[in-house]
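Observations on chain architecture
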Amino acid sequence: MICMFSSLKNKEVINVCDGSALGCICDLEVNHVTGQVVRLVLPGEGIAGMLSAKKRLTIPWDCVERIGDDVILVRIASLPDCRK
């Protein structure tokens, strides 16, 4: 499956462990050597989270369960482990 970043950034990210909506993707971390996506990046909570890179939530690509038409399902047992 091939996806463009423009189609991913409009999708809501849902944690299947607890059903929580984590937000929409604002960026991707890519390995510049292999070209593979390493992490999804979501803005943090509130205004400060949207403006501060330190407050952003990063989700390892390995945690992505499924990319659907409207949402991206991820499996994260503990959110604090994914904060930068």
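Here the residue index of a chain counts from 1 through its sequence in written order. Reporting in this predicted model follows two pLDDT cut-offs: at least 70 for local features of residues, and 80 or more for side-chain atom pairs to be given and counted; totals over whole chains, interfaces and linings ignore these cut-offs and use all residues. Here the side-chain values reflect all heavy atoms present in the structure, with hydrogen atoms and water set aside.

This part is about the confidence of the model for the protein. A residue's pLDDT is the predictor's confidence in that residue, given on a scale from 0 to 100. When pLDDT is averaged across the protein, the result is 82; 79% of the residues are at 70 or more. Runs of H or I in DSSP of at least four residues are treated as helices and runs of E of at least two as strands, each being numbered from the N terminus. The least confident element of the protein, judged by mean pLDDT, is helix α2 (residues 46-51) at 47; the most confident is strand β7 (residues 71-74) at 96.

In this text, buried Ala, Val, Leu, Ile, Met, Phe, Trp, Tyr and Cys residues form a nonpolar core when linked through side-chain atoms within 4.5 Å. Buried, partly exposed and exposed residues are distinguished by accessible area as a fraction of the type maximum, computed with a 1.4 Å probe on protein chains only: under 20%, between the cut-offs, and over 50%, respectively. One finds Val-13, Leu-22, Leu-40, Ile-59, Ile-72 and Val-74 to be the most contacted residues of the largest nonpolar core, which totals 14 residues. Among the elements of the structure, β4 (37-42), β5 (57-60) and β7 are those that each provide at least two residues to this core. With residues near it in sequence (within four places) discarded, Leu-40 still touches Ile-25, Asp-27, Leu-28, Leu-57, Thr-58, Ile-59, Trp-61, Val-64 and Ile-72. Whether two residues touch is decided by their heavy atoms; if any such pair falls within 4.5 Å, the residues are in contact.

A few words now on the pairing of β7. Regular strands place their side chains on alternate faces of the sheet. Taking every second residue as pointing to the same face, the buried face of β7 carries Ile-72 and Val-74, while none of Val-71 and Leu-73 on the other face is buried. Two strands are counted as paired when DSSP detects at least two bridges linking them. The sheet contact formed by strand β1 (residues 12-15) and β7 spans 4 bridges and is parallel. Among the inter-strand pairings, Ile-14 is bridged to a residue of β7, identified as Leu-73. For strand β6 (residues 64-67) and β7, the ladder comprises 3 bridges, and the chain directions are antiparallel. Within β7, the position partnered with Ile-67 by the bridge is Ile-72.

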